[in-house]
Amino acid sequence: MAADKPVPPQETPPAEGSTSSAHRERPDGGIWEHPKVWISLIVIGAVMVALFFALRITGF
């Protein structure tokens, strides 16, 4: 049985696989990943519904 060569501390042993290959970082998802946009859309919708009922109550 042949003994494996010792692996230097800076390297990943071949049996464990290597995670050193660079993964492409996913680009920013743009406007849809930002919570301020979602919150503002919800607030605008809620204000529009509230205005609709307020105008209906006042007779417009």
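Residues numbered from 1 in each chain as written. Predicted model: local features only at pLDDT ≥ 70, side-chain atom pairs only at ≥ 80, totals over all residues. Heavy atoms only, no water.

With that settled, the discussion passes to the overall build of the protein. Helix and strand counts for the protein come out as one helix and zero strands. The buried share of the protein, taken over its 60 residues, is 0%. (Helix = DSSP H or I, 4+ residues; strand = E, 2+ residues; numbered from the N terminus. Buried < 20%, exposed > 50% of the residue type's maximum accessible area, 1.4 Å probe, protein only.)

The end-to-end C-alpha distance of helix 1 (residues 35–58) is 34 Å, a good match for the 34 Å that 24 residues give at a rise of 1.5 Å each. Where helix 1 ends, the next residue or the one after it, Gly59, has phi of about 105 degrees, a positive value. (Expected span 1.5 Å × (residues − 1).)

With that out of the way, let us pick up the packing of aromatic side chains. Taken as a whole, this structure holds one aromatic pair when the rule is applied. Ring centres 5.2 Å apart and planes at 75 degrees place the aromatic pair Phe52 and Phe53 in the edge-to-face group. (Phe/Tyr/Trp six-rings, centres within 6.5 Å; stacked < 30°, edge-to-face > 60°.)

Once that is clear, we can look at a nonpolar patch on the surface. On the surface, a nonpolar cluster with roughly 630 Å² of combined accessible area is contributed by Ile39, Val43, Val47, Leu51, Leu55 and Phe60. With respect to the element layout, Phe60 can be found in the segment after helix 1. (Patch = residues over 30% accessible without salt bridge, like charges linked within 9 Å, V, L, I, M, F, W, Y side chains within 5 Å. Areas by Shrake-Rupley, 256 points an atom, 1.4 Å probe, with all protein chains shown as cover. Salt bridge = Lys/Arg side-chain N within 4 Å of Asp/Glu carboxyl O.)

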